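Per-entry structural report
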Amino acid sequence: MLVTPPDGILLVDKPQGISSHRVVSIARRRLDLKKIGHAGTLDPMATGLLILGVGPSTRLLTHLVGLGKTYTATIRLGVGTDSDDADGDPVTAHGAAADAVTDDAIEAAVAALRGPIDQVPSTVSAIKVDGRRAYDLARKGEAVTLKARRVTVDRFQVQGRADRVVSVDGADVAVIDLDVVVSCSSGTYIRALARDVGAALGTGAHLTALRRTVVGPFSVEDAVDLEDDTVDVRAALARPTDVARRLFPVVQLDGAQAKDLGDGKRITAEHPDTDGPVAAIATGADRLVGLVAVRRGQLRVITNFPTATGAKP
């Protein structure tokens, strides 16, 4: 009996303490397939939604990377770290006394970071500087200067506050933990938001927890735990056709049109002009043939989606 190689989009709930690349390695083992990629990483400290492309559906990942994202996080005011998160070493411990850092002051600092902002990414990031990752340079003690990037923070709200005392390098330090929710454009660093809130308040700050809950129309509630051997990973794959319907407008093709488009020919179809992407779906087979642009009724392929090949006995 021939088994068709897996093909689809996999929503994974990444646990804390492992890298996104490790998650990909686990998926490759579980699915016995090398052709698996991701649509944006999460730091080892972070948990939550990681989107993987499997087989031919890796071609969809380019169109998933830029989707907006939502996170829940905990910001600790009073202590700054060299990585802006809990994995780094403390570099400031100003403290955050409850009577000095009011809720109004916190709200003002948070509000200033809503909307379009120019954000300087965290020094310990994957951004390349002269061909080298910023985190590699920083860990070797080299100076790293990153340029500000325009990002958009649609939502940044404090949902809870806890005042406590923690030990930093053997000294007791008053801190304030803020539970927050952030919805933002792709490329926004939540660690940098924490850092900038701490800078505005004069306390220093870093992230102690980060969880990605939403990417575009996809939710972590629908994700699987790859470390749970009882999970049927193949069954958890979302069909590329279903994913494309959630992301793009659709043009339906008959069998002849689907074949011609798959062969690289330009075909005509009734659809409003657009630079794309539009999902071209073969009606009978309910198969994603490609992502296209439409001009004057003609379809031009942006990305084609061949059917999975190489069935295994």
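Rules used in this analysis
- Residues numbered from 1 in each chain as written.
- Predicted model: local features only at pLDDT ≥ 70, side-chain atom pairs only at ≥ 80, totals over all residues.
- Heavy atoms only, no water.
- Helix = DSSP H or I, 4+ residues; strand = E, 2+ residues; numbered from the N terminus.
- Buried < 20%, exposed > 50% of the residue type's maximum accessible area, 1.4 Å probe, protein only.
- Areas by Shrake-Rupley, 256 points an atom, 1.4 Å probe, with all protein chains shown as cover.
- Pairing = 2+ DSSP bridges.
- Polar contact = N/O pair within 3.5 Å; in protein donor to acceptor, adjacent residues only side chain to side chain.
- Core = buried A, V, L, I, M, F, W, Y, C linked by side-chain atoms within 4.5 Å.
- Contact = heavy atoms within 4.5 Å.
- Salt bridge = Lys/Arg side-chain N within 4 Å of Asp/Glu carboxyl O.
- Expected span 1.5 Å × (residues − 1).
- Arc of directions from axis to C-beta.
- Axes fitted to C-alpha atoms, helices over the stretch in contact; angles between N-to-C directions.
- Parallel < 35°, antiparallel > 145°, perpendicular 65-115°, else oblique.
- Left-handed = near helix turned anticlockwise from the far one by under 90°.
- Nonpolar A, V, L, I, M, F, W, Y, C, P; charged D, E, K, R; others polar.
- pLDDT = per-residue confidence, 0-100.

Another aspect to go through is the overall build of the chain. A count of helices and strands for the chain gives 7 helices and 18 strands. Scored against the burial criterion, the 313 residues of the chain give a buried share of 46%. On the chain, roughly 15,300 Å² of surface is accessible, and the fraction owed to carbon and sulfur atoms is 48%.

Attention now goes to the pairing of strand β1 (residues 8–14). Among the 7 residues that make up β1, 6 are buried, leaving the element largely enclosed by the rest of the structure. Strand direction decides the pairing type here: β1 and strand β3 (residues 47–54), joined by 7 bridges, are antiparallel. If you follow Val12 over to β3, its bridge partner there is Leu50.

Quick look at helix α7 (residues 255–262) now. Two or three places before Ala256, at the start of α7, stands the capping residue Asp254, its side-chain oxygen 3.2 Å from that residue's backbone nitrogen. Looking at the residues trailing α7, positive phi occurs at Gly264, about 90°.

The biggest cluster of nonpolar side chains holds 29 residues, and the ones touching the most others in it are Ile75, Leu77, Phe156 and Ile190. Only β4 (69–77), α2 (103–111), β10 (149–168), β11 (171–184), α4 (190–201) and β12 (205–215) provide two or more residues apiece to this core. No other element matches the 5 residues that β11 contributes to this core. Counting residues in hydrophobic clusters, the runner-up holds 21 residues, among them Leu11, Leu64, Leu67 and Ala279.

Attention shifts here to unusual backbone geometry. One non-glycine residue, Asp84, lies in the positive phi region at around 65°. With respect to the secondary-structure elements, Asp84 resides in the loop between β5 (80–81) and β6 (90–92). A relative accessible area of 8% means that Asp84 is categorised as buried. In the Ramachandran plot, Asp286 falls in the positive-phi region, its phi being about 50° despite a non-glycine side chain.

The next subject is the environment of Gln159. Note on placement: Gln159 falls in strand β10. Looking at Gln159, the relative accessible area reads 55%, which means it is exposed. Each C-alpha atom, one on Gln159 and one on Leu178, is 7.4 Å from the other, the two residues being 19 residues apart in sequence. Excluding its chain neighbours within four sequence positions, the residues that come into contact with Gln159 are Asp179, Val180 and Val181.

Right, let's talk about the pattern of salt bridges for a bit. Taken as a whole and assessed by the stated rule, the structure comprises 18 salt bridges. A salt bridge links Asp177 to Arg76, with the nearest nitrogen and oxygen atoms 2.7 Å apart. In this pair, Asp177 is assigned in strand β11 and Arg76 in strand β4, connecting sequence segments 101 residues apart. Both residues of the pair, Asp177 and Arg76, belong to the buried class. Here Asp263 ties to Lys259 by a salt bridge, and the two come within 2.9 Å at their closest N and O atoms.

In this model, helix α1 (residues 20–31) (12 residues) spans 17 Å end to end at C-alpha, consistent with the 16 Å of a helix rising 1.5 Å per residue. All buried positions along α1 are accounted for by Ser20, Val23, Val24, Ile26, Ala27 and Leu31. Relative to the axis of α1, the buried residues are bounded by an arc of 160° and lie together on one face. For α1, the exposed residues lying more than 90 degrees away from the buried face are His21 and Arg29. On the buried face of α1, the contacting elements are β1, β2 (36–38), β3 and α5 (233–236). Directly beyond the C-terminal end of α1, a positive phi value near 55° is found at Asp32.

The next subject is the packing of α2 against α4. At a minimum axis distance of 9 Å, the contact between α2 and α4 shows a crossing angle of 130°. By the angle between their axes, α2 is oblique relative to α4. Helix-helix and strand crossings are classified by hand; for α2 and α4 the assignment is right-handed. Contacts from Ala105, Ile106, Ala109 and Val110 of α2 reach α4 at Val197, Ala200 and Leu201. A per-class count over the contact of α2 with α4 returns 7 nonpolar, no polar and no charged.

Residue-level pLDDT values for the chain average 89, and 90% of them are 70 or greater. Under a pLDDT of 50 for its full length, residues 308–313 has, in the predicted model, 16 contacts with residues more than four places off or in other chains.

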